[in-house]
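Residue-level structure breakdown
Letter by letter, the chains look like this.
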Amino acid sequence: MEYRNLTLNEIDALEQQGCRSTEWTQVLVAADFDAADLRNVCFDGAVRIGSGAHICNVGIIRTTDGATYGEDNMISVKNEAGDGNVVIYSALTSQTAAMMVRAAEQGDKELFGKLRAMASLYAKEVMPACTTIGSGVTIQDCRELTNVVIGDECELCGASRLIDCTLCSTPDAAIYIGDEVIMENVVAQAGATIVDGAKLYDSFVGEACHIGRGFTSEGSLFFANSHMDNGESCAALCGPFSVSHHKSSLLIGGEQSFYNAGSGTNFSNHAYKMGPIHYGTLERGSKTASGAHILWPAHIGAFSMVMNKVQTHPDTSLFPFSYVIGNGRKTNLIPGRNLITVGTYRDVMKWPKRDKRPAEGRRSLINYDWLSPYVIERIKAAINCLEEMQEEQGYDAEEYTGKGFVITPSALQHGLEYYKLALRMYGNASSTDDWTDLLGLLTPSEALEQMREDILNDDISDIATLESRFKNIYDGYNQWKGCSDNDSATEQAYEQWRKAIRQDAEREYEMGDVSEEQIAEFLDSVS
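Residues numbered from 1 in each chain as written. Predicted model: local features only at pLDDT ≥ 70, side-chain atom pairs only at ≥ 80, totals over all residues. Heavy atoms only, no water.

Describing the overall build of the protein chain
Convention followed: In this description a helix means any DSSP run of H or I spanning at least four residues, a strand means any run of E spanning at least two, and both kinds are numbered starting from the N terminus. Only C-alpha atoms enter the radius of gyration, while the globule expectation follows 2.2 Å times N to the 0.38, with N the number of residues. In this scheme, a residue with accessible area under 20% of its type's maximum is buried, one over 50% is exposed, and one in between is partly exposed, where area comes from a 1.4 Å probe on protein chains only. It only takes one pair of heavy atoms within 4.5 Å for two residues to be counted as in contact. For the area figures, the Shrake-Rupley method with a 1.4 Å probe applies, and any residue is considered shielded solely by the protein chains shown. Residues counted as positive are Lys and Arg, residues counted as negative are Asp and Glu, and His and the chain ends are not counted. Here the site of a charge means atom NZ of a Lys, CZ of an Arg, CG of an Asp or CD of a Glu.
Secondary structure assignment for the protein chain yields 11 helices and 39 strands. Relative to its length of 527 residues, the protein chain is compact, with a C-alpha radius of gyration of 26 Å against a globular reference of 24 Å. By principal-axis analysis of the C-alpha atoms, the protein chain measures approximately 90 × 60 × 50 Å. Counting across all 527 residues of the protein chain, residues that qualify as buried make up 55%. A separation threshold of at least 6 residues defines the contact pool for the protein chain, and within that pool the share at least 24 residues apart is 43%. Total accessible area computed for the protein chain in this model is approximately 21,800 Å², and 45% of it derives from carbon and sulfur atoms. Distance between charge centroids for the protein chain: 4 Å, based on 44 positive and 75 negative side chains.

Written out as structure tokens, the structure is:
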């Protein structure tokens, strides 16, 4: 967009409307600027205003020396006391953030250095010369806007303070910032909503995310469609569809995606009182029940439910769809049980429908496939592990011991049945053996390793090329996954699974909290 200086008549009109500036020559405006759209605004330093912006009752809009606009900001997620493992910039995606964090965790300094350099280069390329307000922006009743980039059609209403922030608002996915919000060193992507006194510091808010009701975030990342109310986060790496609604919930030092935090959820990263150096992972689709408390380090498998206080630092990554239950000094694992629950069924069906991002231009790449090669790989390993436990610890053992957890004989046997059901449901698809989940993007490890080599060889040297390569993996998912002909055995397995889901729903109905209409509607929907 081309900008021009204000005319003397416009300056006179603005001053009569209560506007002030330390130097009017530094306030540049769009060609069709209308002075009537600005009232009671104070400007300090260089500011650019786009077409059709409406600004009223703003304490100060300014640019200061050393402005970063939230770009190229290094923070440390998961390990709160770390040296920094991810760079915030306006085009950051969940898959690139995951790649950065894994490189740092694995001590791959060369790869991390290359990724950091690409992010810094991108940030420098897009960083404006001064505070910039886009076209169609509405700003009213705000106290302070210092070093901000505000995208087209963004609306700020009643915000308290924004310092060094970039709001990547677009006409088809506008950003809204509401009452009493404080943001410092924050980047927010298209469609984000930050309202009701939320306070964010050194944080990233991804596409169509919601942060509100006094939620406080420090050094955290939230990606596509995450929803945070009331609670707080610190050094949290929250992938797509991470949800927390409750005042007493604290997300600290963890990685999670497709996650739902129960009331009173708490993570502790002071396990040995050596400071906040411990962290953990809840793989995709995990939940924590009300009052759950996990002492990091711990690694919880995909689509699992965690209950009570878990303090044995379990690693259940090989056991998806499990219940992980704290029991004093023990942690009980019920492998596979969550495969046949109403909650899991509803979750995997709802996520694709709840993506609020515009269909075009989505940055973070999300695979919704729940019986994916990533999960099936772990299920196969879980079956082998359970059978080895029986052989090594005895078929008549009172309980079986794993990595920070115990399993009863009955739970072990049922776990084998659940996992074998999942294999039959998956069919005869043959894929690469090793997969990883980059915060929503299911990726063959061989493809990721090839990307690493290409980055180190400078065949991938900029953010656009990096994201294009991730998009190629996303588009080729079905090919990587392998084809499966759904035979009668596969369909029979699915019907067995649906029957189990219906039975679980009927058990809830028998508790008396579900109406006949609700249970009938749900049972009809299970298909």
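Anyway, onward from the coordinates.
Considerations on unusual backbone geometry
Outside of glycine, negative phi angles account for most residues, and trans bonds account for most peptide bonds. Note the cis peptide between tryptophan 296 and proline 297, where omega equals 5°. By the secondary structure assignment, proline 297 is in the loop between β30 (293–295) and β31 (299–300). In the Ramachandran plot, asparagine 57 falls in the positive-phi region, its phi being about 55° despite a non-glycine side chain. Looking at the secondary structure, you find asparagine 57 in strand β6 (residues 54–62). Even without being glycine, histidine 313 reaches a positive phi, approximately 55°.

Quick word on the pattern of salt bridges
As a working rule, side chains carrying opposite charge can pair if their charged atoms are close by. For clarity, the threshold we go by: Think of a salt bridge as a Lys or Arg side-chain nitrogen and an Asp or Glu carboxyl oxygen that are within 4 Å of each other.
A complete count under the given rule lists 26 salt bridges for this structure. Here arginine 498 ties to glutamate 495 by a salt bridge, and the two come within 3.3 Å at their closest N and O atoms. Highlighted residues: arginine 498 and glutamate 495, both in helix α10 (residues 488–510), separated by 3 residues, approximately one helical turn. Linked through salt bridges whose partners overlap, the residues forming this network are Lys78, Arg102, Glu105 and Glu255.

Points about the environment of arginine 4
Short version of the rule: We define a polar contact as two N or O atoms separated by no more than 3.5 Å, with the added condition that, inside protein, one atom must be a possible hydrogen donor and the other a possible acceptor, whereas residues neighbouring each other in sequence contribute only through side-chain atom pairs.
Mapped onto the elements, arginine 4 comes out in strand β1 (residues 3–5). Classification of arginine 4 as partly exposed rests on a relative accessible area of 24%. In sequence terms arginine 4 and lysine 350 are 346 residues apart; their C-alpha atoms lie 49 Å from each other. Excluding anything up to four places from it in sequence, arginine 4 contacts Glu10, Val27, Leu28, Val29, Ala30, Ala31 and Phe33. Side-chain polar atoms of arginine 4 contact the side chain of glutamate 10, separated by 2.8 Å. Polar side-chain contacts of arginine 4 include one of 3.3 Å to the backbone oxygen of alanine 31.

What about the side chain of serine 160?
Position of serine 160 relative to the elements: it lies in the loop between β11 (155–157) and β12 (161–167). One polar contact links serine 160 to glutamate 180, side chain to side chain, over a distance of 3.1 Å. Every residue in contact with serine 160, bar those within four places of it in the chain, is listed here: Arg143, Glu144, Glu180, Val181 and Ile182.

Examining a negative patch on the surface
For clarity, the threshold we go by: Without a salt bridge and with relative accessible area above 30%, a residue can belong to a patch; like charges are then joined within 9 Å and nonpolar side chains (Val, Leu, Ile, Met, Phe, Trp, Tyr) within 5 Å.
On the surface, a cluster of negative charge is contributed by Asp141, Asp179, Glu180 and Asp196. You can see aspartate 179 is positioned in the loop between β13 (176–177) and β14 (182–188).

Some remarks on the pairing of strand β3 (residues 27–30)
Short version of the rule: Paired strands, as defined in this entry, are two strands with at least two bridges between them according to DSSP.
Both β1 and β3 contribute to a ladder of 3 bridges, which runs antiparallel. Residue pairing in the sheet places arginine 4 in a bridge with valine 29 of β3. One ladder, built from 3 bridges, connects β3 with strand β5 (residues 47–49); its direction is parallel. Bridging from a neighbouring strand, leucine 28 pairs with arginine 48 of β5.

What to know about the packing of aromatic side chains
Operational definition: Centres within 6.5 Å are what make two rings of Phe, Tyr or Trp a pair, Trp counting through its six-membered ring; a difference in plane orientation under 30 degrees is then read as stacked, over 60 as edge-to-face, and the rest as tilted.
Evaluated as defined, the whole model comprises 18 aromatic pairs. With 4.8 Å between their ring centres and 15° between their planes, phenylalanine 267 and tryptophan 296 make a pair best called stacked. One end of the pair, phenylalanine 267, is in strand β27 (residues 266–268); the other, tryptophan 296, is in the loop between β30 and β31, with 29 residues separating them in the sequence. Tryptophan 296 sits in the buried class, given a relative accessible area of 0%. Through pairs of rings, three or more aromatic residues link up here, namely Phe241, Phe258, Phe303, Phe321, Tyr345, Trp351, Tyr368, Trp370, Tyr494, Trp497 and Phe522.

Describing helix α5 (residues 373–393)
At 3.6 residues per turn, the α-helix brings residues three or four places apart onto the same side. For the record, the criterion: Helix span, as expected, comes to 1.5 Å for every residue beyond the first.
Here α5 contains 21 residues, and its C-alpha end-to-end distance of 30 Å stays within 8% of the 30 Å for a straight helix at 1.5 Å per residue. Within the sequence span of α5, burial applies to Pro373, Tyr374, Val375, Ile376, Arg378, Ile379, Ala382, Ile383, Leu386, Met389 and Gln390. Those residues of α5 that are buried are in contact with β36 (400–401), β37 (406–407), α6 (409–426), β38 (435–438), β39 (441–444) and α9 (477–481). Following α5 by one or two positions, glycine 394 adopts a phi angle in the positive range, close to 100°.

Considering α10
Here α10 contains 23 residues, and its C-alpha end-to-end distance of 33 Å stays within 8% of the 33 Å for a straight helix at 1.5 Å per residue. Taken together, the buried positions of α10 are occupied by Thr490, Ala493, Trp497, Arg498, Ala500, Ile501, Asp504 and Ala505. Structurally, α10 contributes buried residues whose contacts are with α4 (342–350), α6 and α11 (516–525). Glycine 512, located one to two residues past α10, shows a positive phi value of around 95°.

Such coordinate-based values are descriptive only and should not be taken to indicate function.
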